[in-house]
Amino acid sequence: MLNVIIAWFSRAVMFATVMLFGSMGEILTEKSGHLNLGIPGIMFIGGFTGFAATHYYEIAAGAAYNPIVCVIIGLICSFGAAALAGLLYSFLTISLRANQNVTGLTITIFGVGLGKFFGTIVMGKSTVSSAAKAFATFSTKIPVLSKIPIAGGLIFSYGFMVYLAIIMAVVINYILKRTRIGLNLRAVGENPGTADAAGVNVSKYKYFSSTLGGGIAGLGGLYYVLEYNKGMWATSNSIEALGWLAVALVIFSTWNSVHAIWGSILFGLLSWAYAFLPKLGVPIPSTTISLVQMLPYVVTLVVLIVISMRKKKENQPPESLGLPYFREDR
């Protein structure tokens, strides 16, 4: 039974890491007052570009393959492509004043379609393409510590990107709450007119947060392909589905990246409950598996209702979220 619990938790943490990257990117974007529903598509773009870059590097390097170079190439390509998608969203919604909801959904459709189109080129005639060496690199566990009974399986049995996500979540929370940059960014999201009058460059902060947020979200797609999915690329909608869960996680975590850490793990446990509860002696009829998989969304709805009723300022979304700001109208 203990082995089943450890396996369930480990799977949940890996599942959670994909969502955590996506939710961090969306939290940064929403703190500036912009609602980016293009996160699922941006994660798709980040996942594909990172996979394609490491896949072709493996082929080109051959016996000269270098794990460190592979990691650098994967991270840069994934982050860069996703950041460009975030920049595109910023340009359309900030400079061209396009509707944020429509633009975000369009980028999701565009990102998924783009990834699938070029994915078929990488895969060629096969249905699945693999970056085996990159998977081995990205999934390397912490030496010695991963061999510790129980704790090794629960805490130290993951690739470096799991710990990178946790560190980034803590750093982002600190920056937003304890630094002038974070204060200015939150001011832009709450009341851009007041922030503008105080001398804050509203457009610069909106561009910065949306672009950086897109890049961070793209790393979630990279992690999904190169560790969670064992280095295999297939033109499915799995990354997109996790992208929508990441957006839901933003609400669940009340726009707090540290809360998103444990929230994403809870989402992971709930999402995989259907597979592990029967092994623990809790039967789940096949007809109710879909209902069990809906639990993360149900919990999000409950949290949304609760925070709406309590009306605590720190648990509410930015006041100007989704509202366009035109300096001429101030």
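Remember, it's a predicted structure, so these values are computed and weren't measured experimentally.

Parameters and conventions
Residues numbered from 1 in each chain as written. Predicted model: local features only at pLDDT ≥ 70, side-chain atom pairs only at ≥ 80, totals over all residues. Heavy atoms only, no water. Helix = DSSP H or I, 4+ residues; strand = E, 2+ residues; numbered from the N terminus. Rg over C-alpha atoms; globule rule 2.2 N^0.38 Å. Buried < 20%, exposed > 50% of the residue type's maximum accessible area, 1.4 Å probe, protein only. Areas by Shrake-Rupley, 256 points an atom, 1.4 Å probe, with all protein chains shown as cover. Lys, Arg positive; Asp, Glu negative; His and termini not counted. Charge placed at Lys NZ, Arg CZ, Asp CG, Glu CD. Axes fitted to C-alpha atoms, helices over the stretch in contact; angles between N-to-C directions. Parallel < 35°, antiparallel > 145°, perpendicular 65-115°, else oblique. Contact = heavy atoms within 4.5 Å. Left-handed = near helix turned anticlockwise from the far one by under 90°. Nonpolar A, V, L, I, M, F, W, Y, C, P; charged D, E, K, R; others polar. Expected span 1.5 Å × (residues − 1). Polar contact = N/O pair within 3.5 Å; in protein donor to acceptor, adjacent residues only side chain to side chain. Core = buried A, V, L, I, M, F, W, Y, C linked by side-chain atoms within 4.5 Å.

Q: Kindly report on the overall build of the chain, identifying the contributing residues and their values.
A: Helix and strand content of the chain: 15 helices and 2 strands. For 330 residues, the compact-globule estimate of 2.2 N^0.38 gives 20 Å, and the C-alpha radius of gyration of the chain, at 20 Å, lies within 12% of that figure. Seen along its three principal axes, the alpha-carbon backbone of the chain occupies a region of about 60 × 50 × 40 Å. Per-residue burial over the chain gives 50% buried out of 330 residues. For the chain, the exposed surface amounts to about 15300 Å²; the carbon and sulfur share of it is 70%. Charged side chains of the chain number 22 positive and 11 negative; the gap between the two group centres comes to 8 Å.

Q: Run through unusual backbone geometry, naming residues and quoting values.
A: Glycine aside, residues mostly have negative phi angles, and peptide bonds mostly take the trans form. For Arg97, which is not glycine, the phi torsion reads 60 degrees and is therefore positive. Mapped onto the elements of the fold, Arg97 is located in the loop between helix 3 (67-95) and helix 4 (100-123). Although it is not a glycine, Lys230 adopts a positive phi angle of roughly 60 degrees. Tracing the backbone shows Lys230 in the loop between helix 10 (202-228) and strand 2 (232-233).

Q: Please give an account of the packing of helix 7 (residues 160-178) against helix 8 (residues 180-190) that cites residues and values.
A: With their axes 5 Å apart at the nearest point, helix 7 and helix 8 run at an angle of 75 degrees to one another. Relative to helix 8, the element helix 7 is oriented roughly perpendicular. Only Gly182, Leu183, Leu185 and Arg186 of helix 8 make contact with helix 7, whose side of the interface consists of Ile175, Leu176 and Lys177.

Q: Can you break down the packing of helix 1 (residues 2-31) against helix 10 residue by residue, with the values?
A: Interhelical geometry of helix 1 versus helix 10 gives an angle of 165 degrees and a closest axis separation of 6 Å. Classed by the angle they form, the pair helix 1 and helix 10 counts as roughly antiparallel. Where helix 1 crosses over helix 10, the handedness of that crossing is left-handed. Residues Arg11, Met14, Phe15, Thr17, Val18, Phe21, Gly22, Met24, Gly25, Leu28 and Thr29 of helix 1 lie in contact with helix 10, whose contacting residues are Ser209, Ser210, Leu212, Gly213, Ile216, Ala217, Leu219, Gly220, Tyr223, Tyr224, Glu227 and Tyr228. For the contact of helix 1 with helix 10, the residue count by class is 13 nonpolar, 8 polar and 2 charged.

Q: For helix 3, give the residues involved together with the corresponding values.
A: Between the first and last C-alpha of helix 3 there are 41 Å, a value that for 29 residues agrees with the 42 Å anticipated at 1.5 Å per step. For helix 3, the capping residue at the N-terminal end is Asn66, with a side-chain oxygen 2.9 Å from the backbone nitrogen of Ile68. Downstream of helix 3 by one or two residues, Arg97 has phi in the positive range, about 60 degrees.

Q: An account of the nonpolar core is needed here, citing residue identities and associated values.
A: Nonpolar side chains tend to gather and get buried jointly when the protein is soluble and globular. If you look at the biggest cluster of nonpolar residues, it comprises 81 residues, and the most contacted ones within it are Met19, Phe21, Met24, Leu226 and Trp233. If you tally residues by element for this core, the top one is helix 1, at 12 residues. Once residues within four sequence positions are removed from consideration, Leu226 is found in contact with Phe51, Thr54, Ala131, Ala134, Phe135, Phe138 and Gly231.

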